[in-house]
Amino acid sequence: MPIRRPPLMPAEDWFRSRLRSAAVAARVGLWLGVCFSVAFITGLISHYARATHQPVPFPTWPSWGYRVTQGLHVAAGTAAVPLLLLKLWTVYPKLFAALPRTRPAQILTGLERGSIAALVAGAVFQLASGLANSAQWYPWAFSFRRTHYAIAWLTIGALVVHVAVKLPIIRDALGSPVDDSTRDRPSATSPGPISRRTLLRATWASAAAAVLVTAGATVPGLRRLSVFAVRTGDGPQGVPVNRSAVAAGVVAADVGDTYRLRVRCGSHAVELTRADLEGMSQRTRSLPIACVEGWSAAATWTGVRIRDLLDLVEAPRGSDVVVVSLQRHGSYARTLLQGNFADDGDTLLALALNGESLSLDHGYPARIIAPNRPGVLQTKWVTGLEARP
Amino acid sequence: MKGRDPIVSRLPGRALLCAIGAVFMAYGAALLLTGSALPQLGSAVTWLVGGVVVHDFLLAPVVIALAWLAGRVLPGWAQGSVAVAGIVLGSLTVLAIPVLGGWGRRSDNPTLLDRDYATGWLIVAGVIVVGAAVASVAVRSRGEHGGGRGERARRR
């Protein structure tokens, strides 16, 4: 019988809806697990792509690879928001479940609840921090990249433990009809306003809608639908800007007549003006710019092949290249262009974007554009290339 | 539980999975503890704990209260549609908090957060509310009072 006067702390049997059931939790949890797995794997790919030390070189092919993996990363996290909210709603009574009587059972239950606390804390953290990061909102003191990566391991580990503990119930629930009530809590008898099937459909619809209203930042065909996308896709020369010249501390005087590109390999060095660069053999490539925040845009870039510049200073093939930017702020003033990227014929020191000379916010006088590379490493305002044979 | 004790079913495999998960968790915790200075660690822990607290003791009770209120106030034929509309609109609104707030907006970069998100939210809410109203009226005209098949029979 329901408790007439609810205590200050709710008890598990205080929750009476039939919708809060293992049948629903297992089905929503399955897709939540899929989303977190996709986000974890694509996150590992992104983390590796940004690593300066790569025992196995990150591939330069396909050129759209990072655009797809990072787009999937953000889309999976976005779809997971409604799924996580519904999953937590379904299992909320468990928060108030009584502890078992015997000591060994208490220890086991305590461990299991600890792993669930880590899972919920990690899952909420990953989704909240990821969403805030895609909107370039940083209301915290920690390093986003490092912390999001550490908590990804914590969360996926807690998820694996959770699946291991619940596996018999998950298999049982997924193998039975959704309206089956054998695993329901005894108090969960109230039908509620909708059926379990309708609840699940509403959940899938929410997850799909979440992706549709945000994915326009990376899928051009969805731009009109994506009312919550962090970018419309507009910007100078038809491409959005992640970090402006002002934010990077680059001023007009840096890129005027005194600008030089210094290319060096050991004792060989050359200094080139922007006019010298324009006088070299120009290549035009269609390559996407794809940012870690999940937005991306296809564009046509024109400039000098990095390999042609390295040949001027007789840098051997396979040399890594330190790219030096004019930017004063941020941790990407010096980046590493791995040898396989430097040698790729599609990797350019771009001078023009979509047929016009680069705007200052896109990295005038010259910027790196390489295939299959995180946008944060497509260094702008390049003033130095130092080959390391 | 179909005659099998769930705790011991497939125990070796599940124990191995548990161990793998525990190693991943320990690796994540080690990365967090070794890679951050104390103030940064404090900020990360605040966000970890804060997320759980905000969900469990703010969002969840508010949702429960709203659902209880809807059950009292709304006629039976509207309850199902309103529940579905609440799920979709509620979760999309939580998702949209960072863009609706616009805290990441910068004067030097007009290409970031360059939509009118409040209008976008009103459009989303409008579509959902109209959809829920149409569905409610359809339920009422068919003489059905909430609930899916099979559940109607059980309703008091």
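Residues numbered from 1 in each chain as written. Chains lettered and ligands numbered in written order. Predicted model: local features only at pLDDT ≥ 70, side-chain atom pairs only at ≥ 80, totals over all residues.

Caption draft 1: Quick look at the overall build of chain B. Along its length, chain B carries five helices and zero strands. Scanning chain B from its N terminus toward the C terminus, one meets helices and strands in the order α-α-α-α-α. Looking at the 156 residues of chain B, the share that counts as buried comes to 28%. Once local pairs closer than 6 in sequence are excluded, the contacts in chain B between residues at least 24 apart make up 56%. (Helix = DSSP H or I, 4+ residues; strand = E, 2+ residues; numbered from the N terminus. Buried ≥ 20, exposed ≤ 12 C-beta atoms within 10 Å, placed from the backbone. Contact = placed C-beta atoms within 7 Å.)

Caption draft 2: Structural detail: helix H5 (residues 117–141) of chain B. Residues and elements named next belong to chain B. The terminal C-alpha atoms of H5 lie 36 Å apart, and with 25 residues this matches the ideal 36 Å at 1.5 Å per residue to within 8%. By the burial criterion, the buried members of H5 are Tyr-117, Ile-128, Ala-132, Ser-136 and Val-139. Phi for Gly-143, located one or two positions after H5, is positive at around 75°. (Expected span 1.5 Å × (residues − 1).)

Caption draft 3: How the structure looks around helix H1 (residues 11–35) of chain B. Taking 1.5 Å of rise per residue, 25 residues should cover 36 Å, and H1(B) covers 36 Å from first to last C-alpha, within 8% of that figure. Of all the positions in H1(B), only B:Cys18, B:Gly21, B:Phe24, B:Met25, B:Gly28 and B:Leu32 are classed as buried. The inward-facing, buried residues of H1(B) abut helix H3 (103–134) and helix H4 (144–174) of chain A together with helix H2 (38–73) of chain B.

Caption draft 4: Just the sheet that holds strand E6 (residues 334–337) of chain A, in detail. Residues and elements named next belong to chain A. Taken in spatial order, the five strands line up as E2-E1-E10-E5-E6 in an open sheet, and their pairing is mixed. Two strands close off the open sheet at either side, each with one partner strand: strand E2 (268–272) and E6. Within this sheet the neighbouring strands show an average axis-to-axis angle of 15°, counted without direction. Sheet topology note: the strand E5 (residues 320–325)/E6 ladder contains four bridges and is antiparallel. Across the sheet, Val-323 pairs through a bridge with Thr-335, a residue of E6. (Pairing = 2+ DSSP bridges. Axes fitted to C-alpha atoms, helices over the stretch in contact; angles between N-to-C directions.)

Caption draft 5: Fine view of the environment of A:Leu32. Residues and elements named next belong to chain A. Inspection of the secondary structure assignment puts Leu-32 in helix H1 (residues 22–49). Judged by the 23 C-beta atoms lying within 10 Å of it, Leu-32 falls in the buried class. C-alpha separation for the pair Leu-32 and Ala-76, spaced 44 residues apart in sequence, amounts to 9.0 Å. Residues in contact with Leu-32, not counting those within four places in the same chain, are Ala-80, Leu-83, Leu-84 and Lys-87.

Caption draft 6: Representation of the interface of chain B and chain A in the model. Each side of the interface is counted separately: chain B has 67 residues, and chain A has 72 residues. Those elements that provide at least two residues to the side of chain B that touches chain A are H1, H2, helix H3 (76–95), helix H4 (97–101) and H5 of chain B. The dominant element in the side of chain B that touches chain A, judged by the number of residues it contributes, is H1(B), at 14 residues. Tallied by class, the residues present in the side of chain B that touches chain A amount to 36 nonpolar, 20 polar and eleven charged. (Nonpolar A, V, L, I, M, F, W, Y, C, P; charged D, E, K, R; others polar.)

Caption draft 7: Examining unusual backbone geometry more closely. Residue and element names in this part refer to chain A. Residues Trp-61 and Pro-62 are joined by a peptide bond in cis, for which omega reads -10°. Looking at the element boundaries, Pro-62 is found in the loop between H1 and helix H2 (65–91). Positive phi, close to 50°, is recorded for Asn-354, a residue that is not glycine. Looking at the secondary structure, you find Asn-354 in the loop between strand E7 (348–353) and strand E8 (356–357). We note that Trp-381 has phi near 55°; this positive angle belongs to a residue other than glycine. Trp-381 gets classed as buried once you count the C-beta atoms within 10 Å, which come to 25.

Caption draft 8: Layout of the environment of A:Glu12. Residue and element names in this part refer to chain A. Assignment of secondary structure puts Glu-12 in the segment before H1. As a C-alpha pair, Glu-12 and Pro-93 span 81 residues in sequence and 4.9 Å in three-dimensional space. Once residues within four sequence positions are removed from consideration, Glu-12 is found in contact with Pro-93, Lys-94, Phe-96, Ala-97, Ala-98 and Arg-185.

Caption draft 9: Expanded view of the nonpolar core. Counting 134 residues, the largest nonpolar core has A:Ala80, A:Leu83, A:Leu84, A:Leu349 and A:Ala350 as the members making the most contacts within it. Apart from residues no more than four positions distant in its own chain, A:Leu349 is found in contact with A:Gly303, A:Val304, A:Ile306, A:Leu309, A:Ala366, A:Ile368 and A:Val382. (Core = buried A, V, L, I, M, F, W, Y, C linked by C-beta atoms within 7 Å.)

Caption draft 10: Layout of the confidence of the model for chain A. Of the residues in chain A, 98% reach a pLDDT of 70 or more, and the chain-wide mean stands at 95. Segment residues 1–5 of chain A: pLDDT under 50, and three contacts once partners within four positions in sequence are set aside and those in other chains are kept. (pLDDT = per-residue confidence, 0-100.)

Caption draft 11: Structural context of the confidence of the model for chain B. Residues and elements named next belong to chain B. For chain B, per-residue confidence averages 89 on the pLDDT scale, and 87% of positions sit at 70 or higher. Throughout residues 146–156 the model reports pLDDT below 50, and contacts reaching past four residues in sequence, or to other chains, amount to 22 contacts. Across the assembled chains, the prediction reports ipTM 0.94 with pTM 0.94.

Caption draft 12: Here's a closer look at the packing of H1(A) against H2(A). Residue and element names in this part refer to chain A. Interhelical geometry of H1 versus H2 gives an angle of 150° and a closest axis separation of 8 Å. Considered as vectors, H1 and H2 are oriented roughly antiparallel to each other. Handedness of the crossing formed by H1 with H2: left-handed. Broken down by class, the residue content of the contact of H1 with H2 amounts to 20 nonpolar, nine polar and one charged. (Parallel < 35°, antiparallel > 145°, perpendicular 65-115°, else oblique. Left-handed = near helix turned anticlockwise from the far one by under 90°.)

Caption draft 13: Local environment of the pairing of strand E4 (residues 296–305) of chain A. Residue and element names in this part refer to chain A. Buried residues dominate E4, accounting for seven of its ten residues. Counting the residues in the hairpin turn of strand E3 (residues 283–290) and E4 gives five residues, including Gly-294, whose phi is positive at 105°. In this structure, E4 lies alongside E7, joined through five bridges in antiparallel fashion. For Gly-303, the partnering residue across the bridge sits in E7 and is Ala-350.

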